[in-house]
Amino acid sequence: MGTIIGWHRGEASVRQKLGYDHIPSIARLFDSISGEMPAQHAEFYSTRIPFLPITSLDEDGRPWGSILAGLNGQTGFVHNPRYNTLVIDAELWDGEPFLETVKNLERESESILIAGIGVEVSTRRRNKFAGNARVLQKVEKSVQIELVVTQAIGNCPKYITLRDLVPHLQSSPTLAYQERHLSLEATLPDEVISFVHESDTTFLGTTYSATAAESQWYPSHVGMNHRGGRPGFTRVKLSDRRTVVLPDFSGNRIMTSMGNVEATPFASLTFICFITGDILYLTGNARNVYGTKAHSIMPFQDALTEIFVTGYILVRDALPVRQRPGVEIQRSPYSPSVKFLAEEGPQLQLFSKEDQPKALLTSIAVHCPTIASFEWESPTPLRIKPGQAIIMDFKTLLGPRQYKHMSPSNPILVNDDFIRTWTVSSYTDDPSSRLFSLTMRRKPGGTVTSSLFDIANKLAKYKPEALGDSRELGLMVNIVGVTGEFHLPSSGNSGKDTIGKEEHIRNMVWIAGGIGVTPFLSMLTALKRSADRVRYSIILILSTKEPDIILSLISPIVEQAEDLPHMRLDFSVHLFTDTLAVDSGMELVQHFGRVNPEFFTQNHEMFKRAASDIYLCGPEGFEIGVLNALEGIGIHIGTVHRERFAY
């Protein structure tokens, strides 16, 4: 195949559905795919990579992703003997799909379709190719293949996790699962599903099968691509335990992989654990999903690919390179937050795009330069449980997202849809109320919070009276929905009938890291208004660098609750900070430094009394540390209530 002359029918269809066919600047991106392998690519493959993901087809025409590697995980197993040609000396293992492909070849001179992508994970450099290959030599599981490149392209470094890989000489591949042809009733084992959900990298194999009429201009070929994100970005539908959902992130807009799926509905996914060397191979029937149909599967994801798995293989301890012990990986700054499937997400009330109410900014309370509360008014009352979050679309404030292939100064903008989820920090039991407050921290480099705080700062400087009443600004944003299972249940949810009982004590432990205190503000307010005949014993464990600011948000609610004759609330705070806190008027024990495992060990009875009423909210690292500490004292972490934004 020479230089690409245009888009094949699958690529053209995808580009039409996504609206790319009307953008002149990307109309001829196929010109970036060369019919020749550049010399620097050949040098890259032969000197820089310790393993090579490839795609080949089985006897049923299904793509399988394979991992080719040389002896002992060293570079140099790929050679470039002449123009446009690679020779690969690979050591295969039982279960490796390419081993079966080689066995099925009727004669060694037969040619097969092949594609591959070389990724140097220490630099995020990657190049890919497609072409034809034939077996030169095979001795047991050692194979030498010759590959003639017919398509070549370099790719950007987005979504690649930086890793420091070293050879692992003690690899001992062991076949754990091999189900090449699943029955319709079969499902994936828990271990396989967990493997997918724990991965931050997968290699996507596709195929394009040309008709006789197309083959002269758009010959059949296979493709191999890298897909990366945060751990869990690829999801498995638990409703059938078999369909894998791969979101499409903003890329170079060539759309070869989705284009192949559009024309020939098969795909493979290959996952690697770089710590254990385990490799998971999946293949199946594939389809692309767009727009509202995609949103119904994975909310706010505009395009995705579903793979209904028809075969899978899991080989343990196979990859002959591993992550260097003691060296941390570095996530790509371009990777967006994980989006969960609609079926696995928290309680969710979404408005259709046409019916999204517009919230009006009514007031701003600036607590310090980096923390403020923004009050909004909805045109209709919203049913928000204490602790739940609201989803808002700030495109009316920031304008529509502009396409950027790369954005080195602010990588998150590449996939930013300007939709944000915040816990509602206020609560009212008035069913007609339309007001709600969001207490937030200004995030360094954050597009939305920076804009909101800039507005607050300008008002404070030039028109301070508008902070108390901001309606005249006319600042309105769309309300997308209400979400969250991290909310205060009714007293009946404790499993005990408290009606008519004078004394029932409900022990609760709330653990907050910094601005993670916001859901507890609405919970406290809700308890203050509760008519339940329950005595609440609440212990707040608070870790913060701004103790005076955070305590000033809590103490007025506690004081009001204590003044109510019907309210029976025992509320105390364990404060972890490096700063001496002022007198807040609350029962408070101050600890200097961070929350530590010793605190949990010394107070294990307190946590056991709370049982299933332990609530945790804070940054990811904070939550992981707390969960580890709770697990260390025998608390089952599955019972801990956590705030998880899926959107």
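Residues numbered from 1 in each chain as written. Predicted model: local features only at pLDDT ≥ 70, side-chain atom pairs only at ≥ 80, totals over all residues. Heavy atoms only, no water.

Enquirer: Please give an account of the overall build of the chain that cites residues and values.
Expert: What the chain contains, in helices and strands, is 14 helices and 30 strands. Here the C-alpha atoms of the chain give a radius of gyration of 28 Å, agreeing with the 26 Å that 2.2 N^0.38 yields for 647 residues. By principal-axis analysis of the C-alpha atoms, the chain measures approximately 90 × 55 × 45 Å. Across the 647 residues that make up the chain, the buried fraction comes to 56%. Here the analysis covers contacts within the chain between residues at least 6 apart in sequence; of these, 75% occur between residues at least 24 apart. Carbon and sulfur atoms form 51% of the exposed surface of the chain, whose accessible area is close to 28100 Å². (Helix = DSSP H or I, 4+ residues; strand = E, 2+ residues; numbered from the N terminus. Rg over C-alpha atoms; globule rule 2.2 N^0.38 Å. Buried < 20%, exposed > 50% of the residue type's maximum accessible area, 1.4 Å probe, protein only. Contact = heavy atoms within 4.5 Å. Areas by Shrake-Rupley, 256 points an atom, 1.4 Å probe, with all protein chains shown as cover.)

Enquirer: Which residues make up the nonpolar core, and what values do they have?
Expert: Membership of the largest hydrophobic core comes to 33 residues, with the highest contact counts inside it found for W510, F520, L540, L542, I554 and F571. Every element with two or more residues in this core is listed here: β25 (505-513), α10 (518-529), β26 (535-543), α11 (547-562), β27 (569-577) and β29 (614-617). The leading source of residues in this core is α11, at seven residues. Counting 29 residues, the second largest nonpolar core, distinct from the first, contains W376, W422, L438 and I479. (Core = buried A, V, L, I, M, F, W, Y, C linked by side-chain atoms within 4.5 Å.)

Enquirer: So what about the environment of Q16? Which residues, and what values?
Expert: Mapped onto the elements, Q16 comes out in helix α1 (residues 9-18). For the pair Q16 and G61, spaced 45 residues apart in sequence, the C-alpha to C-alpha distance is 27 Å.

Enquirer: So what about helix α2 (residues 39-47)? Which residues, and what values?
Expert: Those residues of α2 lying buried are H41, A42, F44, Y45 and S46. On its buried side, α2 packs onto β3 (78-82), β4 (85-91), β5 (111-120), β6 (125-139) and β7 (142-155).

Enquirer: Please provide a residue-by-residue account of the side chain of T447, values included.
Expert: Looking at the secondary structure, you find T447 in helix α8 (residues 447-462). Apart from residues no more than four positions distant in its own chain, T447 is found in contact with L398, N410, L413, D416, F418 and R420.

Enquirer: Report on the packing of α1 against helix α5 (residues 256-263), specifying residues and quantitative values.
Expert: Where α1 contacts α5, the axes come no closer than 7 Å and their chain directions differ by 110°. Between α1 and α5, the interaxial angle falls into the category roughly perpendicular. Two secondary-structure elements touch here, α1 through R9, G10, E11, S13, V14 and K17 and α5 through T256, M258, G259, E262 and A263. Taken together, the residues that form the contact of α1 with α5 break down as three nonpolar, four polar and four charged. (Axes fitted to C-alpha atoms, helices over the stretch in contact; angles between N-to-C directions. Parallel < 35°, antiparallel > 145°, perpendicular 65-115°, else oblique. Nonpolar A, V, L, I, M, F, W, Y, C, P; charged D, E, K, R; others polar.)

Enquirer: Account for the sheet that holds β26, naming residues and giving values.
Expert: Read from one edge to the other, the open sheet built from six strands follows the order β28-β27-β26-β25-β29-β30, with strand pairing classed as parallel. At either end of the open sheet lies a strand with only one pairing partner, and these are β28 (587-592) and β30 (641-642). Across two bridges, β29 lies against β30 in parallel orientation. Bridge assignment links Y615 to a residue of β30, and that residue is H641. Along the sheet face, α10 touches β25, β26, β27 and β29 and points at about 155° away from the line of β25. (Pairing = 2+ DSSP bridges.)

Enquirer: Can you lay out the pattern of salt bridges for me, pointing to particular residues and giving the numbers?
Expert: Tallied over the full model, the rule gives 28 salt bridges. We note a salt bridge from E306 to K237, for which the minimum N-O separation is 2.7 Å. Placement of E306 in strand β16 (residues 303-316) and of K237 in the loop between β12 (235-236) and β13 (243-247) is noted, with a sequence separation of 69 residues between them. Neither residue differs from the other here; E306 and K237 are each classed as buried. Between E472 and K463 there is a salt bridge, with the nearest N and O atoms lying 2.2 Å from each other. (Salt bridge = Lys/Arg side-chain N within 4 Å of Asp/Glu carboxyl O.)

Enquirer: Go over unusual backbone geometry, please, and point to the residues and values.
Expert: One non-glycine residue, N84, lies in the positive phi region at around 60°. Mapped onto the fold, N84 is located in the loop between β3 and β4. For N84, a relative accessible area of 9% corresponds to the buried category. The phi dihedral of R241 falls on the positive side, at around 55°, and the residue is not glycine.

Enquirer: Can you explain the side chain of D248? Please cite residues and give values.
Expert: Its location among the elements puts D248 in the loop between β13 and α5. Comment: no salt bridge for buried D248; closest opposite-charge side chain is R227, at 4.3 Å. Beyond its immediate stretch of four places on either side in the chain, D248 contacts R227, M255, M258, Q301, A303 and L304. (Lys, Arg positive; Asp, Glu negative; His and termini not counted.)

Enquirer: So what's going on with the pairing of strand β2 (residues 63-69)? Residues and values would help.
Expert: The element β2 is extensively covered by neighbouring structure, given that seven of its seven residues are classed as buried. Relative to β2, strand β1 (residues 51-57) runs antiparallel, the two sharing seven bridges. Across the sheet, the residue bridging to P53 is I67, located in β2. Where β1 folds back on β2, the antiparallel hairpin that results is connected by five residues, among which G61 adopts a positive phi of roughly 80°.

Enquirer: I'd like a rundown of the confidence of the model for the chain, residues and numbers included.
Expert: Per-chain confidence: the chain averages 91 in pLDDT, with 94% of residues scoring 70 or above. Here residues 492-501 scores under 50 on pLDDT; set against residues more than four positions off or in separate chains, the count is 10 contacts. (pLDDT = per-residue confidence, 0-100.)

Enquirer: Explain the sheet that holds β2 to me, using residue names and the numbers behind them.
Expert: Read across the sheet, seven strands follow the order β2-β1-β5-β6-β7-β4-β3 without closing on themselves; strand pairing throughout is antiparallel. The open sheet has two edge strands with one neighbour each: β2 and β3. Averaged over all adjacent pairs, the angle separating strand axes in this sheet is 35°, with direction ignored. Pairing geometry for β5 and β6, over 10 bridges, is antiparallel. If you follow I117 over to β6, its bridge partner there is K128. Across the sheet, α2 lies against β3, β4, β5, β6 and β7, angled at about 60° from β6, the strand it touches most.

Enquirer: Give a description of helix α14 (residues 620-632) that names residues and reports values.
Expert: The terminal C-alpha atoms of α14 lie 18 Å apart, and with 13 residues this matches the ideal 18 Å at 1.5 Å per residue to within 8%. Burial in α14 covers these residues: F622, E623, V626, L627, A629 and L630. Angular distribution of buried residues about the axis of α14 spans 160°; they occupy a single face of the element. Opposite the buried face of α14, by more than 90 degrees, sit the exposed residues E620, G621, N628 and G632. (Expected span 1.5 Å × (residues − 1). Arc of directions from axis to C-beta.)

Enquirer: An account of the environment of D200 is needed here, citing residue identities and associated values.
Expert: Relative to the elements of secondary structure, D200 occurs in the loop between α4 (190-198) and β10 (201-208). Separated by 32 residues in sequence, D200 and G232 have C-alpha atoms that sit 6.5 Å apart. The contact partners of D200, leaving out residues within four places of it in the chain, are T161, R163, R227, G228, G229, R230, P231, F233, I329 and R331. Side-chain polar atoms of D200 contact the side chain of R163, separated by 2.9 Å. A polar atom in the side chain of D200 sits 2.3 Å from the side chain of R331. (Polar contact = N/O pair within 3.5 Å; in protein donor to acceptor, adjacent residues only side chain to side chain.)

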